[in-house]
Amino acid sequence: MSGPLPTAIHRLSAAGCDCGPDLHQEHGQRAVFCGLTSIVWLHRKIQDAFFLVVGSRTCAHLIQSAAGVMIFAEPRFATAVLQDRDLAGMADCNDELDRVVAQVIARRPEIRTLFLVSSCPSEVIKLDLGTAARRLGERYRGRVRVAAYSGSGIETTFTQGEDSCLKGLVNELPAATAAQRSLLIVGALPDIVEDQFQRLFDELGIGPVHFLPGRSSADLPAVGAGTRYLLAQPFLSDTARALDKRGARALDAPFPLGAEGTAAWLAAAAQAWDIPKARFDAVIAAPQARARRALAHHRERLSGKRISFLPDSQLELPLARFLHRECGMRLLEVGTPYLDRHTAAAELALLPTGVRVTEGQDLDRQLDRIRADRPDLTVCGLGIANPLEAEGLRTKWSIELTFTPIQGFDQAGDLAGLFTRPLDREQRLRF
Ligand code: SF4
């Protein structure tokens with residue numbers, strides 16, 4: 001590792017090495033959403049779970065506007081708004097929480113798991129939600145499981161809410177013996193994508209396969225030394241470490257974005273199950289060909305276009321790999337909020353030599369680089385997109401990539417389409 005560069009940037013790749021991406025670290029002002037945002041896709045996935053945010057009015061506004069709730073929709077999330085109190089007043093807070101929980105449980109008989117989600121306001125930090133979850137779990141034993149996790153926005157990114165939630169679930173999974181072999185797919189996937197993957201695993205002869213989280217919070221697969229797991233999302237480092245502690249073993253692979261990424265991700269499981277190559281090739285041939293056909297049209301539009309990523313979702317590395325290798329885009333800079341070198345190893349290996357990869361953020365400096373580079377497209381958070389658009393730069397909201405089905409062969413064309421759309425819009429505006 002070379003010495004620190006001037007300012008807060010640290011170059012991590014070895015000087016003089018002409019292989020792999022050019023890794024940097026940056027420390028400074030950040031602009032990211034908080035982990036409460038992940039409730040939007042988690043509540044859609046776990047269909048018998050309720051997410052009770054314990055937070056402030058700001059938290060309530062964030063979650064309501066992110067989820068776009070209609071007033072008659074009876075959403076499976078809510079915010080218990082805490083007013084500021086001193087520590088002596090915390091007993092009242094617990095009473096208030098118990099009252100709200102009792103109301104939710106009485107009103108929503110279909111709920112099987114209640115997640116208490118903590119946030120970052122100081123009045124919430126004083127409250128021990130883990131203890132509250134244990135107390136309430138005892139009270140409602142046999143009726144509703146109560147768990148707690150953090151969706152706080154302090155030093156986190158919006159996708160880490162899922163990591164925190166799943167890490168807690170891993171600790172509750174029953175134990176499997178070493179002889180109980182299974183594949184665990186880790187990361188919330190839209191049901192349509194889960195079904196497509198399940199069909200492919202069935203055709204390959206790989207199983208039993210479990211998904212975490214499942215559609216029901218009662219789906220808690222056993223885990224142990226016979227478990228092999230594949231991460232479906234790149235932002236689940238804490239969940240992966242919790243699975244490692246339970247004896248499960250990770251299958252190293254790129255993430256299932258695009259035709260190439262999906263094939264490599266499935267191949268990691270096929271290899272672990274000793275599936276003959278001829279059978280693997282035969283099973284993936286048709287969906288892979290469909291994905292390539294769907295991509296061809298977008299490749300024409302995206303090829304040669306220059307793209308930069310501001311750090312936001314932790315999806316940046318696999319997206320950059322997909323857009324470069326399968327759509328022909330030129331990568332100017334790939335920013336990512338955190339870089340877990342273990343889970344990102346397969347992605348880093350597929351990025352072009354010398355491309356700048358920045359871990360962390362110093363917002364002003366990064367915006368300066370964007371203004372100097374003037375990429376054709378910048379992938380960034382919601383709050384930064386409008387100012388960049390006002391400067392004539394085209395943007396793509398990274399949060400959209402977590403709300404849309406993008407994994408797997410059959411979504412490869414749609415994924416590329418998310419990046420062609422802003423460019424097409426610009427062209428339409430010009431003429
Ligand atoms: S958790 Fe923190 S960052 Fe997130 S909405 Fe609430 S106050 Fe804001």
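Throughout this document, residue positions are counted from 1 along each chain, in the order its sequence is written. At least 70 in pLDDT is required for a residue's local features to be given in this predicted model, at least 80 for side-chain atom pairs to be given and counted, and no such filter applies to totals for whole chains, interfaces and linings, which use all residues.

Caption draft 1: Structural context of helix 10 (residues 277–302). We count a stretch as a helix when DSSP gives it H or I for four or more residues in a row; a strand needs E for two or more, and each element gets its number in order from the N terminus. The span one expects for a helix is its residue count, reduced by one, times 1.5 Å. The end-to-end C-alpha separation of helix 10 is 32 Å, well short of the 38 Å expected for 26 residues at 1.5 Å each. For every residue, the other C-beta atoms within 10 Å of its own C-beta are counted; 20 or more classify it as buried, 12 or fewer as exposed, and values in between as partly exposed. C-beta atoms are placed from the backbone. Residues of helix 10 that are buried include every one of Phe 280, Val 283, Ile 284, Pro 287, Ala 291, Leu 295, His 298 and Leu 302, and no others. Remark: Gly 304 follows helix 10 within two positions and exhibits a positive phi of approximately 85°.

Caption draft 2: Examining the nonpolar core more closely. Put simply, a nonpolar core is buried Ala, Val, Leu, Ile, Met, Phe, Trp, Tyr and Cys residues tied into one set by C-beta atoms within 7 Å. Ranked by internal contacts, the top residues of the largest apolar core, which has 116 residues, are Leu 52 and Leu 116. Excluding residues that lie within four positions of it along the chain, Leu 52 makes contacts with Ala 78, Ala 80, Val 101, Val 104, Leu 114, Phe 115, Leu 116 and Val 117. For every residue pair, C-beta atoms are placed from the backbone, and the pair is scored as a contact if these atoms sit within 7 Å.

Caption draft 3: Seen up close, the sheet that holds strand 4 (residues 77–81). Any two strands are treated as partners once DSSP identifies two or more bridges connecting them. One open sheet accounts for 4 strands, arranged 4-3-5-6; its pairing is parallel. Both edges of this open sheet fall to strand 4 and strand 6 (145–150), since each of them pairs with a single strand only. Recorded for the sheet is a direction-independent mean angle of 25° between the axes of neighbouring strands. In the packing of helix 2 (residues 57–67) onto the sheet, the strands contacted are strand 3 (49–55) and strand 4, and the crossing angle to strand 4 comes to about 165°. The strands touched by helix 5 (residues 129–139) are strand 3, strand 5 (113–118) and strand 6; relative to strand 6, the strand with the most contacts, the crossing angle is about 175°. With axes taken as lines fitted to C-alpha atoms, and helix axes fitted only over the stretch in contact, angles between N-to-C directions fall between 0 and 180 degrees.

Caption draft 4: Summary view of the site of the ligand. Of all residues adjacent to the ligand, which total 13 residues, the nearest are Cys 34, Cys 59, Ser 119, Cys 120 and Gly 153. Among the elements that make up the shell around the ligand, the one with the highest residue count is helix 2 (3 residues). In terms of residue class, the shell around the ligand is built from 6 nonpolar, 7 polar and no charged. We call a residue near a molecule or strand when the C-beta position, derived from backbone atoms, sits within 6 Å of it. In the scheme used here, Gly and all other residues not listed as nonpolar or charged are polar, with Ala, Val, Leu, Ile, Met, Phe, Trp, Tyr, Cys and Pro taken as nonpolar and Asp, Glu, Lys and Arg as charged.

Caption draft 5: View of the pairing of strand 8 (residues 209–212). Sheet analysis places strand 7 (residues 182–186) next to strand 8, joined by 4 bridges and oriented parallel. Across the sheet, the residue bridging to Leu 184 is His 210, located in strand 8.

Caption draft 6: Molecular detail of the packing of helix 6 (residues 160–172) against helix 8 (residues 237–245). For the pair helix 6 and helix 8, the least separation of the axes is 7 Å and the interaxial angle reads 15°. Classed by the angle they form, the pair helix 6 and helix 8 counts as roughly parallel. Two packed elements cross with a definite hand, and for helix 6 against helix 8 that hand is right-handed. On the side of helix 6, the interface is formed by Asp 163, Ser 164, Leu 166, Lys 167, Val 170 and Asn 171, while helix 8 contributes Ser 237, Asp 238, Thr 239, Ala 242 and Leu 243. In terms of residue class, the contact of helix 6 with helix 8 is built from 4 nonpolar, 4 polar and 3 charged. Working definition: roughly parallel below 35 degrees, roughly antiparallel above 145 degrees, roughly perpendicular at 65 to 115 degrees, and oblique for all remaining angles. Handedness of a crossing follows from how the near helix is turned relative to the far one, being left-handed for an anticlockwise turn of less than a right angle and right-handed for a clockwise one.

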